[in-house]
Amino acid sequence: MTASHDDQERPEPREAPEPQEALEPQEALEPRVGPAAEGDPSSHPYHHPAAGWGAARSVAKVLVHERALVDGPRAIMRMNHENRGFDCPGCAWPDDTKGLHLDICENGIKHVTWEMTHKRVGREFFAAHSVTELSGWSDFALEDAGRLTEPMVYDPESDHYVPIGWADAFDLVGGALRALDSPHQASFYTSGRLGNEATFLYQLMARELGTNNLPDCSNMCHEASGRALRASLGTGKGTVDLKDWEATDALFIMGVNAASNAPRMLTALAEAYRRGAQIVHINPLVEAAATRTIVPHDFTGMALNKSTRTSTLNLQPRIGGDMALMRGIAKAVLEQAETDPKALDREFIDRHTTGFDEYRTRCQETSWEEIERQSGVGRDDILKTARVYRDADRSIFSWCLGISQHEHGVDTVREIVNLLLLRGNLGREGAGPSPVRGHSNVQGNRTCGIDHRPTEEFLARLAEVCEIDPPAAHGLDTVGTIEAMHRGDVKVFVGMGGNFALAAPDTPYTCAALRKCELTVQVSTKLNRSHLVHGSRALILPCLGRTEKDQQRRGVQSTSVEDSMSMVHLSVGMRRPASRHLLSEPAIIAGMAGAALPDGSTPWEWYVEDYDRIRDTMAQVLDGFEDFNRRVRLPLGFRIKQPARELVFLTPSGRAEFSAAPLPDVVPAPGTLALSTLRSHDQWNTTIYSDNDRYRGIKNLRTLVFMNKDDMRERGVSEFDPVDITSTAKDGTHRHLDGYLAIPYDIPHGCAAGYMPEMNVLCAIGDYSTQSDQPLMKHVKVTITRAG
Ligand SMILES: Nc1nc2c(c(=O)[nH]1)N[C@H]1C(S)=C(S)[C@@H](COP(=O)(O)OP(=O)(O)OC[C@H]3O[C@@H](n4cnc5c(=O)[nH]c(N)nc54)[C@H](O)[C@@H]3O)O[C@H]1N2
Ligand SMILES: Nc1nc2c(c(=O)[nH]1)N[C@H]1C(S)=C(S)[C@@H](COP(=O)(O)OP(=O)(O)OC[C@H]3O[C@@H](n4cnc5c(=O)[nH]c(N)nc54)[C@H](O)[C@@H]3O)O[C@H]1N2
Ligand SMILES: [Mo]
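Note that this is a predicted model, so its numbers are computed, not measured.

A. How the structure looks around the environment of Leu502. For Leu502, the location among the structural elements is in helix α25 (residues 500-503). On a C-alpha basis, the gap between Leu502 and Val533 in space is 9.9 Å, while along the polypeptide they are 31 residues apart. Setting aside its immediate chain neighbours within four residues, Leu502 contacts Asp139, Thr507, Arg529, Thr686, Pro757 and Asn760.

B. Inspection of the packing of aromatic side chains at higher detail. A full pass over the atoms with the stated rule returns 20 aromatic pairs. Plain terms: the ring middles of Phe628 and Phe638 are 5.9 Å apart, the flat faces sit at 80° to each other, and that makes the pair edge-to-face. Linking Phe628 in helix α31 (residues 628-631) with Phe638 in strand β22 (residues 638-639), this pair joins segments that are 10 residues apart in sequence. On the basis of relative accessibility, which here comes to 1%, the residue Phe628 falls in the buried class. Look at Phe638 and you get buried, because its relative accessible area is 5%. Here the aromatic cluster, defined as three or more aromatic residues joined through ring pairs, consists of Phe125, Phe126, Trp137, Tyr154 and Tyr161. Seen from the ring of Tyr389, Arg423 lies directly overhead, with NZ or CZ sitting 5.8 Å from the centre. Over the aromatic face of Phe638 sits the side chain of Arg631, whose NZ or CZ is 4.1 Å from the ring centroid.

C. Up close: the packing of helix α9 (residues 196-209) against helix α23 (residues 456-466). Between α9 and α23, whose axes approach to 12 Å, the crossing angle comes to 90°. One element, α9, and the other, α23, form an angle in the roughly perpendicular class. Facing α9, whose interface residues are Phe200, Gln203, Leu204 and Arg207, α23 presents Phe458, Leu459, Leu462 and Cys466. Residue composition of the contact of α9 with α23, grouped by class: six nonpolar, one polar and one charged.

D. Just the site of ligand 1, in detail. Around ligand 1 sit 32 residues in total, of which Asn283, Glu287, Asp322, Gln683 and Asn685 are the nearest. Ser260 places a main-chain nitrogen or oxygen 2.9 Å from a nitrogen atom of ligand 1. Within the backbone of Asn261, an N or O atom sits 2.7 Å from a nitrogen atom of ligand 1. Protein chains bury 99% of the 910 Å² of accessible surface belonging to ligand 1 in isolation. The class makeup of the residues in the shell around ligand 1 is 12 nonpolar, 16 polar and four charged. The residues that make up the shell around ligand 1 include at least three from each of domain 1 (31-40 + 670-786) and domain 3 (223-435).

Criteria and cut-off values
- Residues numbered from 1 in each chain as written.
- Chains lettered and ligands numbered in written order.
- Predicted model: local features only at pLDDT ≥ 70, side-chain atom pairs only at ≥ 80, totals over all residues.
- Heavy atoms only, no water.
- Helix = DSSP H or I, 4+ residues; strand = E, 2+ residues; numbered from the N terminus.
- Contact = heavy atoms within 4.5 Å.
- Phe/Tyr/Trp six-rings, centres within 6.5 Å; stacked < 30°, edge-to-face > 60°.
- Buried < 20%, exposed > 50% of the residue type's maximum accessible area, 1.4 Å probe, protein only.
- Lys NZ or Arg CZ within 6 Å of the ring centre and 35° of its normal.
- Axes fitted to C-alpha atoms, helices over the stretch in contact; angles between N-to-C directions.
- Parallel < 35°, antiparallel > 145°, perpendicular 65-115°, else oblique.
- Nonpolar A, V, L, I, M, F, W, Y, C, P; charged D, E, K, R; others polar.
- Near = heavy atom within 4 Å.
- Polar contact = N/O pair within 3.5 Å; in protein donor to acceptor, adjacent residues only side chain to side chain.
- Areas by Shrake-Rupley, 256 points an atom, 1.4 Å probe, with all protein chains shown as cover.
- Domains from an automatic or database assignment.

Take a look at the structure:
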């Protein structure tokens, strides 16, 4: 934590906009936007240096709100420590390999303190509030009520949740599952916080029952990335780690709001900038991380209030324009190669890839006019970006939901890989694809078997080691589950964490689907909408949070998690549980499984006594988990081997495969806009901490839509005018949100944006990608009119 943090250490970069002064906190409760909205609308609006004192103030507010001022800091000092603490339950960005003592961030602290609240939701709470009454509460108020303390069952007579013992709760679940005509009438959802050991038991339960109905939040998140990387490289994960980030010459950061959603990436960006690396941000919105930052754990920087730039070039494609942009860069590199022998890595292409000629032809055939029109970026800027790419020996492309939640998400990620392959940016230090995963263990969930389309090899190994007869037929994903519940084909829904009712698309449709179930079971830490939108019978099963001590028969247990860069390490909670009635997630799964499979062969309770036993079984079933118990206890854990990193490609050809898909048409039809649904700074998916979005300059307002000023003018809409938003689905049906406030924003013509989960009302259930089955949450076709 030394180094000074001004800009003298390197020359002024090109292009990145000047940030504006940070706003003072405004306490008034009326909605506000930052200064640029009031001043020159053509300037870059609202930008504050990311992190720093504003972040510190924001954290303090949450600590005070949760009355965690004493425990909070103590817990935070234990977060992300090698082997001694718990893993941050926030995002999946890896821990700093240099073992920094404060490798934490503002939002990580918020997620932890939110879990550590002193407020409790026990039987008295449910006795005082009926489900109908609670349904009228805001989502903030529901979660803010505090931690759930004991199992509850819905009583239809009184419309209240009433207490139920754990054994009775498990019997209820077991009985309902056993009564089904087919195991495929049950579906088992996973939210990405679930640790690896619980994950393994959970999928084992589903498969021993006889179904692969294992939807997860990944179906709405990075499904496209996984499928694309698998098709191109043979394995569905990124190939780089933090050391590569530290060695690269050029970073291309696409479709991610890093300052809010992966804040620890800011450290990597600031370091890259100081060492002279190029940092290109590709996003229709110029987000805070695309300007400058105060490194989160850098107190020197905070004390001097100095910031470091985190960008050398910003490109603003239209929503969905990234594939065309990548195609343009590739086309430019290929044109350059006609005179510049070093533009392409011919040796790499010849030795390790297939499909190059077809791809080159496709690039040649895609005209510059089409590339400019579809990307929304001018040829000059594309050529400039291509030069950055050509001049870098080592490049990393990193991306998140701005790339994946599209109709053509798979093709776009494959186009990113095409570009990497052209210059051999794979299998060497400082180069490769680096998707930014979301939930802290969403990548681990998939690794440990949460997959509705498991491979035959995985099922064969599971069958052999666990002595079960797993089903071969693929199961239902998130959208498939919703549709099946609606039809009455799925009757039991189990939510292992998360908030399915709000996170999934088409809120009214999803709610109706949940209500048709015979039984809904939610394993949760806090009250949320999914507890109130329930089946004929419903259970709330409260579990330990990640910060809490997990005491089992053979001692205190730890669980493992896998980060975005395939590092697996242990997480140990040490706080006293929020209630003595809480069970761990593995124990809850074991309880349900034991009741559902009374004659099964799996020793559920024996596994839960000591999670080392679960890990020993996992070591036999999962690739890369050999010697799991020993390796996971190494100081920084271990990295799962990524074959593509070693230039071993598990593809049909045994090589990295170029793809040559045509460009999709993403230009909005006349009069319509492409709307992207995003997170604000102050939320964790469906959990809203406050109505502020600090880096975008928004105070006390969520019912807004960010619009281009020309689009506003064309519609006769001024700042803060209420507007009605209507989406048009693929099947021609319409959905509406009325009375949202229009906010002028630096976003390309034809594009608009607003907040999830509220805007899920606009996402039609049938509008999912034919490539990934992912709901099209970043490209909703809408019309916006002044409210009448
Ligand atoms: N604090 C906090 N951290 C989080 C989360 C949270 O809710 N709060 N959620 C976690 C989870 S589960 C996930 S998956 C990640 C999500 O992390 P992000 O992907 O950053 O999530 P979003 O807020 O949806 O932001 C999407 C970004 O993509 C941009 N974008 C939208 N459309 C396009 C497009 O067509 N092209 C390009 N290039 N960009 C586009 C938007 O402007 C925005 O910057 O964050 C994780 N971390
Ligand atoms: N329109 C739109 N919709 C989206 C997205 C989008 O960009 N746009 N993003 C999608 C993405 S990327 C994702 S990942 C999903 C997120 O979908 P989910 O993962 O389903 O939702 P979360 O909001 O993360 O879940 C919050 C709840 O998790 C519970 N919880 C918290 N900690 C724990 C724990 O340790 N254990 C257990 N058992 N429960 C816990 C709490 O009860 C809390 O209310 O949303 C998706 N929905
Ligand atoms: Mo996610």
